[in-house]
Amino acid sequence: MGSGNSLSNWEATAAGEQHLYWEYTGTAWMQLPPRHETRITAPNSLYERVQSDAHSQQLQLAEPASFSNEYVIVADATWAEQTGVSTISELATHLRDVDRIPGIAVNEEFFHRQDGWPGLASYYDVRAEEREPSSPRRSSLRLSD
């Protein structure tokens, strides 16, 4: 447990330093060697391509888990009820319509992944500026107009 991020786990497994670890196919495709820029949304196609990359590095993927691994935003229930925000689209609309914009915390990997914060912010036309994290384990954002 707690062996590091996706890249360090991938490399340790490829080097035989550990036997297995949990990984998302989207992370493997976009963040692990060889990195790819093109987003693939068809789960089976993505799995097959990641499996091919893994084989080229003497790694084997298990069958995919039986659940979806899309990102979600976690919000305080009271805030969500008060604002009526229950989807990412509603959050983006809310952020454009209010004067007092809430702070958002994301982890470092999500903040830098093209299919993480940059992709979400671009798709939903949300602007943010980085600020000092309140905890050494988090990255904090201040959403702006």
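Up top is the structure.
What counts, and at which threshold
Each chain has its residues counted from 1, following the order in which its sequence is written. Whole-chain, interface and lining totals are the exception, using all residues; otherwise, since this is a predicted model, local features are given only for residues with pLDDT of at least 70 and side-chain atom pairs are given and counted only at 80 or more. Derived side-chain values reflect all non-hydrogen atoms in the structure, with water molecules and hydrogen atoms excluded from consideration. Only protein chains enter the area calculation, which uses a 1.4 Å probe; residues under 20% of their type maximum are buried, those over 50% are exposed, and those in between are partly exposed. Each helix corresponds to a stretch of at least 4 residues labelled H or I by DSSP, and each strand to a stretch of at least 2 residues labelled E; elements are numbered beginning at the N terminus. Each direction from the helix axis to a C-beta atom contributes to the arc, which is the arc of those directions. By the convention used here, residues are in contact when the closest approach between their heavy atoms is within 4.5 Å. Patch criteria: residues need more than 30% relative accessible area and no salt bridge. Like-charged residues are merged within 9 Å; nonpolar side chains of Val, Leu, Ile, Met, Phe, Trp and Tyr are merged within 5 Å. Residue exposure ignores everything except the shown protein chains as possible cover, and the areas themselves are Shrake-Rupley values with a 1.4 Å probe. Whenever a carboxyl oxygen of Asp or Glu lies within 4 Å of a side-chain nitrogen of Lys or Arg, that contact is scored as a salt bridge. The pairing test for Phe, Tyr and Trp rings, Trp by its six-membered ring, is centres within 6.5 Å, and the orientation test on the planes gives stacked under 30 degrees, edge-to-face over 60, and tilted for anything in between.

Student: What's the story with helix α7 (residues 117-124) in this structure? I'm lost.
Tutor: Because the α-helix completes a turn every 3.6 residues, residues three or four places apart line up on one side. Among the residues of α7, Trp117, Leu120 and Ala121 are the ones counted as buried. One side of α7 carries all its buried residues, which in axial view fall inside an arc of 95°. Exposed residues lying more than 90 degrees from the buried face of α7 are Ser122 and Tyr123. Directly after α7, the chain includes Asp125, whose backbone phi takes a positive value near 55°.

Student: Is there a simple way to think about the side chain of Thr27 in this case?
Tutor: Tracing the sequence through the fold places Thr27 in helix α2 (residues 25-31). Other than its neighbours up to four places away in sequence, Thr27 contacts Ser6, Leu32, Glu109 and Arg113.

Student: Where do I start with a nonpolar patch on the surface in this structure?
Tutor: A grouping of Trp22, Tyr24 and Phe67 is seen on the molecular surface, where their side chains present a nonpolar patch of about 360 Å² in accessible area. Along the chain, Trp22 falls in the loop between α1 (6-14) and α2.

Student: Could you clarify how one ought to interpret the packing of aromatic side chains in this entry?
Tutor: One pair of aromatic rings is described through two measures. These are the centre distance and the angle between the planes. Within the structure shown, the criterion is met by two aromatic pairs. Centroid distance Tyr123 to Tyr124: 4.8 Å. Interplanar angle 75°. Geometry classified as edge-to-face.

Coordinates in, geometry out; function isn't part of it.
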